Amino acid sequence: MVALRRFVLFCLLCLMAGLAGYGFWAIQSGAILALWQGATDQAPQPAPASAGQTRPASAPEAIPPLRIAVMFPGPTDPLRAREAAFSEMLIQLTRRFDLLAVHGFRGPGRGPFLPLLEAVGAADKEVNYLAYVPVRESTVRQFPVIFYRADRLVLDRKRSGPVDDTAKVFRWTPVVVSFAARQPPLANAFTFTAVVARVDPLRVHEELGLLAELLRTVAYQQAPEDDILLLAHLEADEDTVGRSLPDYVPAVTGIPNSAGGTRLASNILFHPVATCEFTGRSGVLTLDEILPPGSGTSPPNVHFLPVWAEFTATESPADRWTKSFSRLSAFLAWDN
C-alpha cells in the first residue's frame, strides 16, 4: 500500500513538472500571447461609419531575401586594383549582393587599395567595407575584404574581427563577422555569424581540419547564435570538404566556379538543421552576368567566379528550438 501511494505521488509530481515545463515554454515562445491576440482579433469589430470612404489596407510588402556571395578573383595587388574593369566588377557585385567576401587582396596594409574601396563606396553610398589590416604596415600579406550593404544588414562590431591566431596555424587569418537583417523587426530578423576563410592549397587537409575546429569554437563563443556560415575559398572538391566538415553542407554543388570550368573551389557552407533560412536558391555568377557584353567594360581576368546563396531576411520559426539548445550542443562539440 505504501509502495502504491509512493507511485501515485511520483506520477503526480511528474505531471506537475510536465505542466510547469509546458507553461514555461508557452510563456517564452509567445504561444499564450498569440492565443490571446487571436481571441482579440476574432472579437466583433464596430462597422466603419461610412463604407464608401474606407479603403482596404494594402498587404505588407514581402522582404526580399539576403543574397550572400564569396569570391577569390586571384591575388589582387595594388596594380590590379587600379584596373577599371576590376573596379567596375566589384561595383556591380556589391549592387547584386547584400554581403560579398572577396579573398586575395595582397599588399602592405589596406592603404594602396583605398582608391578602389572608396570608388566602390562612391558608386553606392549604402555599401560599406571591412578590411582588418592597418592602413600601412611593413609586411606584405594577403587578406579578405568584406563588402556589405548598410540598408540591408546591421553589423555587430563587438562580435566581429580577425581570428586570434597568435600561433599562426592558418596561412591567411580567417575573419569573423556578425550581422542582422535590417528590414524586419529585430525580434524576427535573421541573425548570423560568417566565418570568412581561405585555405592554403599546399595544406588543404590540415587547414580544413583547423577550420572544423574553428567553426566549433565560433559556435561556442557566439551562442546562443546558431546560424554560422562559412564563406570560404576551400581549394578542395565537395567530397573532401564533406569529410572534413561533416556537420556542414555546401550551398552550391555540381557547378564549377573556376574560370576554366573545371572545379568548384569556393563555397558557402552552413549547418542544415540550425540554418533553416536557406531558401534553396544558389549558384555561380558568370562574368557575362556581372559585366554583360555591350556594357562598355571588358570583363577582368579572374581565377574563380563568385559563388552565391540566398537566405530569408526573417528568422525561421524553427530557430526558437534550435537556439534553445545551441549553447548546450556547441559546448558539447567544443568540449569533445
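Let us look at the structure shown here. (Residues numbered from 1 in each chain as written. Predicted model: local features only at pLDDT ≥ 70, side-chain atom pairs only at ≥ 80, totals over all residues. Heavy atoms only, no water.)

**Focus: the overall build of the protein chain**
Turning to step 1, where the next piece is worked out: The number of helices and strands found in the protein chain is nine helices and 13 strands.
Turning to step 2, where the next piece is worked out: Looking at the 336 residues of the protein chain, the share that counts as buried comes to 44%.
Turning to step 3, where the next piece is worked out: A sequence separation of at least 24 residues applies to 73% of the contacts in the protein chain between residues at least 6 apart. (Helix = DSSP H or I, 4+ residues; strand = E, 2+ residues; numbered from the N terminus. Buried < 20%, exposed > 50% of the residue type's maximum accessible area, 1.4 Å probe, protein only. Contact = heavy atoms within 4.5 Å.)

**So, helix α5 (residues 114-123)**
Note: α-helices contain 3.6 residues per turn, so residues at a spacing of three or four share the same orientation.
Turning to step 1, where the next piece is worked out: Looking only at α5, the buried set comprises Leu116, Leu117 and Val120. The buried side chains of α5 occupy one side of the element, clustering within an arc of 95 degrees when seen end-on. Facing away from the buried side of α5, by more than 90 degrees, are the exposed residues Pro115, Glu118 and Ala122.
Turning to step 2, where the next piece is worked out: Residues of α5 that are buried sit in contact with α3 (78-81), α4 (84-96), β2 (99-107), β3 (127-130) and β4 (141-149). (Arc of directions from axis to C-beta.)

**Focus: the nonpolar core**
Turning to step 1, where the next piece is worked out: Within the largest apolar cluster, 59 residues are counted, with the highest numbers of intra-cluster contacts made by Met89, Leu90, Leu99, Phe147, Phe179, Phe192 and Leu231.
Turning to step 2, where the next piece is worked out: In contact with Leu99, other than residues within four places in its own chain, are Arg67, Ile68, Ala69, Ile146, Phe147, Tyr148, Leu153, Phe179, Phe192 and Leu231.
Turning to step 3, where the next piece is worked out: Counting residues in each nonpolar core, the second largest holds 24 residues, with Leu210, Ile228, Ala236 and Val241 among its members. (Core = buried A, V, L, I, M, F, W, Y, C linked by side-chain atoms within 4.5 Å.)

**A few points about the pairing of strand β7 (residues 175-181)**
Turning to step 1, where the next piece is worked out: For β7, the buried fraction is high: seven of the seven residues fall into the buried class.
Turning to step 2, where the next piece is worked out: Side-chain alternation along β7 places Val175, Val177, Phe179 and Ala181 on one buried face and Val176, Ser178 and Ala180 on a second face that is also buried.
Turning to step 3, where the next piece is worked out: Here strand β5 (residues 153-155) pairs with β7 via three bridges, running antiparallel. Paired with Val154 across the strands is Ala180, a residue of β7. (Pairing = 2+ DSSP bridges.)

**A short note on the environment of Gly283**
Turning to step 1, where the next piece is worked out: Of note, Gly283 is situated in strand β12 (residues 278-284).
Turning to step 2, where the next piece is worked out: A C-alpha to C-alpha distance of 7.4 Å links Gly283 and Ile255, two positions 28 residues apart in sequence.
Turning to step 3, where the next piece is worked out: Setting aside residues no more than four positions away along its own chain, Gly283 makes contact with Val252, Pro306, Val307 and Trp308.

**Quick notes on the pattern of salt bridges**
Turning to step 1, where the next piece is worked out: In this structure the tally under the stated criterion is 12 salt bridges.
Turning to step 2, where the next piece is worked out: Two residues, Arg149 and Asp151, come together in a salt bridge whose shortest N-O distance is 3.3 Å.
Turning to step 3, where the next piece is worked out: On the basis of relative accessible area, Arg149 is assigned to the buried category, the value being 10%.
Turning to step 4, where the next piece is worked out: Between Arg203 and Glu206 there is a salt bridge, with its nearest N and O atoms 3.1 Å apart. (Salt bridge = Lys/Arg side-chain N within 4 Å of Asp/Glu carboxyl O.)

**Side note on unusual backbone geometry**
Turning to step 1, where the next piece is worked out: Cis geometry marks the peptide bond from Ala223 to Pro224; its omega dihedral reads 10 degrees.
Turning to step 2, where the next piece is worked out: With respect to the helices, strands and loops of the structure, Pro224 is situated in the loop between α6 (204-222) and β9 (228-233).
Turning to step 3, where the next piece is worked out: One non-glycine residue, Lys168, lies in positive phi territory at about 60 degrees.
Turning to step 4, where the next piece is worked out: Among the structural elements, Lys168 can be located in the loop between β6 (161-162) and β7.
Turning to step 5, where the next piece is worked out: A positive phi angle, near 55 degrees, is found at Glu235, a position not held by glycine.
Turning to step 6, where the next piece is worked out: Among the secondary structure elements, Glu235 is positioned in the loop between β9 and α7 (238-244).

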